[in-house]
Amino acid sequence: MIVQEHVSLKPYNSFGLDVNACYFCELQERRDIALLQERKVFDTESYLIIGEGNNILFTKDFEGYVIHNQLRGIEIIEETTDTISLKVAAGEDWHAFVLYCCEKEWYGIENLAYIPSTVGAAPVQNIGAYGTEIKNTVTTVEAYHIPTREFVTLTQEQCKFGYRTSVFKDCAKQYIILSVTFQLSKIPQLNTTYKDINEALRALDSQSTKALDVANVVTQIRKRKLPEPSELGSAGSFFKNPVVSKARYESLKNQYPAIISYSQENDVKLAAGWLIEQCGWKGYRQGEVGVYDKQSLILVNYGHATGQDILALARKITASVQQKFEIDLQTEVNIL
Ligand code: EPU
């Protein structure tokens, strides 16, 4: 394993921010972990494990080790007539893995097509879209637990998945995810309740909808709504959709009858994109930063923004949503 010094992180963060890492290395084999240990990397606080850097906002240079997880491999570990279990190394590309499964007609992750991520980064924030979350198909996650210096296997329950969170996000810096095991269905099981998906599939007019049809439709929707990472820097949704009590929702609904919400078991999730749009931010641009014109949840770098510029805009948005709706938006993106 080669440890490089003063490496630009521009290719390693989807905002395209021009910051440097003091040290940078690629994790290509499990035994590289022993080498990092020998260098006493884990004895300091300043290390960061990244996949593709799709959910990070660097506000300054990183004064430590950036470890780029590049572990590769997909292995079938169990197969029955109805299900298939696959162990996938953390550095595999998420969308490529989704397509691989869809082409084989294995069901369960087709709604999560075209999410920019690696397989190892996906459980950290329990990626989700169009009514599906990764937690629905994850059975175990294999990781290196830094505090105990042990290799561990966490069950789905131990991963403590929640809306855009998990034990890996709560205890950032404690785990290096090595592989994720998924159980997928060989029997067609689709979730096409989301309106846009449903309409696009009906337009296809096919006799039997396959996983790949859904993945293709989701890809088209995402391409329409979200910026292409290679063209415009962003980190997908910058904020989480806020969750409020039913009572609070009723009072907001009285005041703003058009408010967009999703009823949950005990509370109500609000569409943060709608709240932000109501505050007049959609399509806003100041210099090198802005709010995407097709989705207000997404902050964009027009080319030469700094992380501080993006953070300043995020703070203005948070303050205006607080002032208008008395709702405290939380960031989904990891701010460093
Ligand atoms: N909306 C507006 N104005 C906007 C944006 C959205 O009125 O500027 C409205 C939409 O019209 C829609 C509702 O808000 O009625 C929800 O919008 P959308 O379907 O685009 O989904 P979202 O809640 O904004 C979430 C995820 C996305 C995921 C989509 C689709 C979060 C934080 N974001 O966004 O995930 O792709 O649902 O399921 O939960 C990501 O996490 O990076 C991400 C892109």
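Each value, and the rule that gives it
- Residues numbered from 1 in each chain as written.
- Predicted model: local features only at pLDDT ≥ 70, side-chain atom pairs only at ≥ 80, totals over all residues.
- Heavy atoms only, no water.
- Near = heavy atom within 4 Å.
- Polar contact = N/O pair within 3.5 Å; in protein donor to acceptor, adjacent residues only side chain to side chain.
- Areas by Shrake-Rupley, 256 points an atom, 1.4 Å probe, with all protein chains shown as cover.
- Helix = DSSP H or I, 4+ residues; strand = E, 2+ residues; numbered from the N terminus.
- Nonpolar A, V, L, I, M, F, W, Y, C, P; charged D, E, K, R; others polar.
- Pairing = 2+ DSSP bridges.
- Axes fitted to C-alpha atoms, helices over the stretch in contact; angles between N-to-C directions.
- 1 Å grid on protein atoms, 1.4 Å probe; cavity = no way out; pocket = protein on both sides within 12 Å on 5 of 7 lines; lining within 4 Å.
- Points joined across faces, edges and corners; volume = space filled by probe spheres on them.
- Core = buried A, V, L, I, M, F, W, Y, C linked by side-chain atoms within 4.5 Å.
- Buried < 20%, exposed > 50% of the residue type's maximum accessible area, 1.4 Å probe, protein only.
- Contact = heavy atoms within 4.5 Å.
- Left-handed = near helix turned anticlockwise from the far one by under 90°.
- Parallel < 35°, antiparallel > 145°, perpendicular 65-115°, else oblique.

## Some words on the site of the ligand
Okay, step 1: In the vicinity of the ligand, 24 residues are found, and the nearest of them are Tyr130, Tyr163, Tyr194, Glu277 and Ser296.
Okay, step 2: Note that an oxygen atom of the ligand is positioned 3.0 Å from one of the side-chain N or O atoms of arginine 164.
Okay, step 3: The contact in question runs from an oxygen atom of the ligand to an N or O atom on the side chain of serine 296, over 2.6 Å.
Okay, step 4: For the ligand, whose unbound accessible area comes to 820 Å², protein coverage reaches 83%.
Okay, step 5: Of all the secondary structure elements, the ones that give two or more residues to the shell around the ligand are strand E8 (128-129), helix H5 (211-225) and helix H7 (272-278).
Okay, step 6: The dominant element in the shell around the ligand, judged by the number of residues it contributes, is H7, at three residues.
Okay, step 7: Partitioning the shell around the ligand into residue classes produces ten nonpolar, seven polar and seven charged.

## Describing the sheet that holds strand E5 (residues 62-69)
What links the strands of a sheet is backbone hydrogen bonding, and the strands pair in either a parallel or an antiparallel sense.
Okay, step 1: Strands sit in the order E1-E2-E5-E3 across an open sheet of four strands; the sheet is mixed. In this open sheet, the two edge strands, each paired with only one partner strand, are strand E1 (4-8) and strand E3 (47-50). Ignoring which end each strand starts from, the neighbouring axes of this sheet average 40° apart.
Okay, step 2: As paired strands, strand E2 (residues 20-27) and E5 are joined by six bridges and run parallel to one another. In the strand pairing of E5, leucine 27 is matched with asparagine 69.

## Looking at the layout of surface pockets
Rolled over the atoms, a probe with the dimensions of a water molecule shows which regions are left empty.
Okay, step 1: Looking at the second largest pocket, its volume works out to about 280 Å³.
Okay, step 2: Lining the second largest pocket are 19 residues, with Asn13, Ser14, Gly16, Pro229 and Ser230 positioned closest to its centre.
Okay, step 3: The residue inventory of the lining of the second largest pocket, partitioned by class, reads seven nonpolar, ten polar and two charged.

## A short note on the nonpolar core
Okay, step 1: Within the largest apolar cluster, 42 residues are counted, with the highest numbers of intra-cluster contacts made by Trp94, Phe97, Ile109, Ile134, Phe168, Phe182 and Leu184.
Okay, step 2: Not counting chain neighbours up to four residues away, the residues in contact with phenylalanine 182 comprise Ile84, Ser85, Leu86, Val88, Trp94, Phe97, Val119, Ile134, Thr137, Val138 and Thr139.
Okay, step 3: One finds Phe15, Leu17, Val289 and Tyr292 within the second-largest nonpolar core, a separate group that totals 38 residues.

## Considerations on the packing of helix H2 (residues 94-103) against H5
Okay, step 1: Put simply, H2 and H5 touch, their axes get as near as 8 Å, and they point 150° apart. When the axes of H2 and H5 are compared, the crossing they make is left-handed. Contacts between H2 and H5 pair His95, Leu99, Cys102 and Glu103 from the former with Ala211, Leu212, Ala215 and Thr219 from the latter.
Okay, step 2: Residues that form the contact of H2 with H5 fall into these classes: five nonpolar, two polar and one charged.

## Side note on the packing of helix H4 (residues 195-204) against H5
Okay, step 1: Running from N to C, H4 and H5 point in directions that differ by 120°, and their axes come no closer than 10 Å. Classed by the angle they form, the pair H4 and H5 counts as oblique. Of the two possible hands of crossing, H4 and H5 adopt the one that is right-handed. Side by side, H4 and H5 meet where Asp196, Ile197, Ala200, Leu201 and Leu204 of the first sit next to Asp213, Val214, Val217, Val218, Ile221 and Lys225 of the second.
Okay, step 2: Considering only residue class, the contact of H4 with H5 consists of eight nonpolar, no polar and three charged.

## Comments concerning unusual backbone geometry
Okay, step 1: With a phi close to 65°, lysine 40 is a non-glycine residue in the positive phi region.
Okay, step 2: Phi is positive for asparagine 126, close to 45°, though the residue is something other than glycine.
Okay, step 3: Within the element layout of this structure, asparagine 126 appears in the loop between H2 and E8.
Okay, step 4: With relative accessibility at 0%, the residue asparagine 126 sits in the buried group.

## Points about the sheet that holds strand E15 (residues 261-263)
Okay, step 1: Within the open sheet, the three strands sit side by side as E14-E16-E15. Their pairing is antiparallel. Both outer strands of the open sheet, strand E14 (243-245) and E15, are each paired with one neighbouring strand and no more. Pairs of neighbouring strands in the sheet enclose a mean axial angle of 30°, with direction left out of account.
Okay, step 2: Bridge count between E15 and strand E16 (residues 267-270): three bridges; the pairing is antiparallel. When the sheet's bridge partners are listed, serine 261 is paired in E16 with leucine 270.
Okay, step 3: Across the sheet, helix H6 (residues 246-255) lies against E14, E15 and E16, angled at about 95° from E14, the strand it touches most.

So, to be careful, I would describe these as geometric facts and stop short of saying anything about function.
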